[in-house]
Amino acid sequence: MAVELSELRDQIDDVDKQILDLLSQRLALVEKVGEVKSEHGLPIYAPDREAAMLASRRKEAERIGVPPQLIEDILRRTMRESYASEKDSGFKCLNPKLGSVVIVGGHGQLGRLFGKMFALSGYQVDVIGSQDWDKADGLLSRAGMVVVTVPIHLTVDVINKLNQLPDNCILCDLTSVKSSPLQAMMKAHSGPVVGLHPMFGPDVSSFAKQVIVYCHGRGEEQYQWLLEQFAIWGATLREIDALKHDNGMTLIQALRHFTTYAYGVHLSQENPELDSLLELSSPIYRLELAMVGRLFAQDPNLYGDIIFSSQDNVEMIKRFYSRLGEAVELLEQNGKAAFIQSFEEVSEWFGEYSQKFMHESQSLLKQANDSIHRE
């Protein structure tokens, strides 16, 4: 049996080597595709092409007896690596006569990321950090675009300093709050203005499939090329009113970050052995714990800025606190029937999204399970 098993394992090793060779060939082809896309200004992410390709490969896999989800998982992981490789080819510059892109706060992580992407697209990038205001006048006088990416609590004050920009200079920000920065930019600058919010962190390997929200300010036709440049980088663009954006972020960011923070505080004060919790955790609970730990691995000033950025956030968190208290009362009153009724009402509110989210989470949990390294 040992000899037979060894022979089979040798055959598997040979097949694995063939897979590696094929992946190497695929990545080489992707590099050439990236060069063509760069030359012609095509987006690195083409959703229609990706969807059609995956559907075709799933059908072919089923025909030859390979689980369709297996080939889709392999291809999606391969494509994610491919998108990261394609950006190394650079991108077509849509506005070569722009002048310099001045990034205020460009020494920060997000500023460096966008600076790199603009540089890969052939733009001259200059940076103004907190210690660079002595040279700001010279840099700003020849700027074709100024990008503000500083902590939220400093954003409006920094924007107020930018009141002597060239008339045609584009002024934009990369802040997760939009109403007050957009108003400040409109007041400080008479030229084109747009509010931007990248819905991702600075650790992404590619802009492919990442969302950038934009809020129109003034002179849309003068910064339309910028939105198209983001699309070439692979980003998905979402237009929204600034106030509606901020209301959404109260739920998506401020409330979620605060409840994660509160759960982390609770865990630390209960002081369990994290190793023991991990040993007991299935992938979904491990993933939930990982998301809590992820928060505390990052800059507390960033999350403090987000949570404390508006009174609306505080009021939303207070309403959540009140509803949490109502839920606790059900426990104290042994109100299981009321709990079930409330549960069903919420389920009805989610509607078809419940099953949609169930399906999406199952796929995510499979990936999470694969990535867990158990001792």
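Residues numbered from 1 in each chain as written. Predicted model: local features only at pLDDT ≥ 70, side-chain atom pairs only at ≥ 80, totals over all residues. Heavy atoms only, no water.

Colleague: Could you clarify how one ought to interpret the nonpolar core in this entry?
Modeller: Nonpolar side chains tend toward joint burial in soluble globular proteins. Grouped together as the largest cluster of nonpolar side chains are 38 residues, with contacts concentrated most on Phe114, Phe118, Met145, Leu196, Phe207, Leu226 and Phe230. With six residues, the top contributor of residues to this core is helix H8 (residues 220–232). Contacts of leucine 226, omitting those with residues within four sequence positions, involve Phe118, Met145, Val194 and Leu196. The next biggest cluster of nonpolar side chains, apart from the first, holds 23 residues, and it includes Ile128, Leu139, Val158 and Leu162. (Core = buried A, V, L, I, M, F, W, Y, C linked by side-chain atoms within 4.5 Å. Buried < 20%, exposed > 50% of the residue type's maximum accessible area, 1.4 Å probe, protein only. Helix = DSSP H or I, 4+ residues; strand = E, 2+ residues; numbered from the N terminus. Contact = heavy atoms within 4.5 Å.)

Colleague: I tried to follow the pairing of strand E5 (residues 193–198) on my own but got confused; where do I start?
Modeller: For a regular strand, side chains alternate in direction, first toward one face of the sheet and then toward the other. Along E5, six of the six residues are buried, which leaves the element largely enclosed by surrounding structure. Of the two faces of E5, both are covered, the one formed by Val193, Gly195 and His197 as well as the one formed by Val194, Leu196 and Pro198. Direction of pairing for strand E4 (residues 170–173) relative to E5: parallel, over a ladder of three bridges. Residue leucine 171 lies in a different strand from E5, and its bridge partner there is valine 193. Between E4 and its parallel partner E5, the chain crosses via helix H7 (residues 179–188), and the hand of that crossover is right-handed. Direction of pairing for E5 relative to strand E6 (residues 211–218): antiparallel, over a ladder of six bridges. (Pairing = 2+ DSSP bridges. Right-handed = clockwise from strand over helix to strand, strands pointing away.)

Colleague: Even after reading the chapter, I still don't get a negative patch on the surface, so can you show me in this structure?
Modeller: Together, Glu4, Glu7, Asp10, Asp13, Asp14 and Asp16 make up a region of like negative charge exposed at the surface. Looking at the secondary structure, you find aspartate 10 in helix H1 (residues 2–40). Owing to a relative accessible area of 42%, aspartate 10 belongs among the partly exposed residues under this scheme. (Patch = residues over 30% accessible without salt bridge, like charges linked within 9 Å, V, L, I, M, F, W, Y side chains within 5 Å. Areas by Shrake-Rupley, 256 points an atom, 1.4 Å probe, with all protein chains shown as cover. Salt bridge = Lys/Arg side-chain N within 4 Å of Asp/Glu carboxyl O. Lys, Arg positive; Asp, Glu negative; His and termini not counted. Charge placed at Lys NZ, Arg CZ, Asp CG, Glu CD.)

Colleague: How do you make sense of the environment of aspartate 241 when you look at a structure like this?
Modeller: Here aspartate 241 shows up in the loop between strand E7 (236–239) and helix H9 (242–270). In terms of polar contacts, aspartate 241 uses its side chain to reach the backbone amide nitrogen of lysine 244, at 3.1 Å. (Polar contact = N/O pair within 3.5 Å; in protein donor to acceptor, adjacent residues only side chain to side chain.)

Colleague: How should helix H12 (residues 300–307) be read in this particular structure?
Modeller: In an α-helix, one full turn covers 3.6 residues, which means residues spaced three or four apart are oriented alike. Turning to H12, its buried residues are Tyr303, Asp305, Ile306 and Ile307. Its side-chain oxygen placed 2.9 Å from the backbone nitrogen of asparagine 301, aspartate 299 serves as the N-cap of H12.

Colleague: When you look at the packing of H9 against helix H13 (residues 311–332) in this model, what are you seeing that I'm missing?
Modeller: For any two helices packed against each other, one specifies the inter-axial angle together with the distance between the axes. Across the interface, H9 lies against H13 with an axial gap of 9 Å and an inter-helix angle of 60°. Compared by their axis directions, H9 and H13 come out oblique. Seen from above, H9 lies across H13 with right-handed handedness. Residues Asn247, Thr250, Leu251, Ala254, Leu255, Phe258 and Thr259 of H9 pack against Asp312, Asn313, Met316, Ile317 and Phe320 of H13. Here the contact of H9 with H13 is built from residues that sort into seven nonpolar, four polar and one charged. (Axes fitted to C-alpha atoms, helices over the stretch in contact; angles between N-to-C directions. Parallel < 35°, antiparallel > 145°, perpendicular 65-115°, else oblique. Left-handed = near helix turned anticlockwise from the far one by under 90°. Nonpolar A, V, L, I, M, F, W, Y, C, P; charged D, E, K, R; others polar.)

Colleague: Can you help me understand the layout of surface pockets in this one?
Modeller: Vacant regions in the atomic arrangement are exposed by a probe of water-molecule size rolled over the atoms. For the second largest pocket, the calculated volume is near 1200 Å³. Forming the walls of the second largest pocket are 23 residues, and the residues nearest its centre are Phe320, Phe343, Val346, Trp349 and Phe350. Only H9, H13, helix H14 (336–350) and helix H15 (353–371) provide two or more residues apiece to the lining of the second largest pocket. Looking at the lining of the second largest pocket, the element that brings in the most residues is H13, giving nine residues. Per-class residue counts for the lining of the second largest pocket are 16 nonpolar, five polar and two charged. (1 Å grid on protein atoms, 1.4 Å probe; cavity = no way out; pocket = protein on both sides within 12 Å on 5 of 7 lines; lining within 4 Å. Points joined across faces, edges and corners; volume = space filled by probe spheres on them.)

So, to be careful, I would describe these as geometric facts and stop short of saying anything about function.
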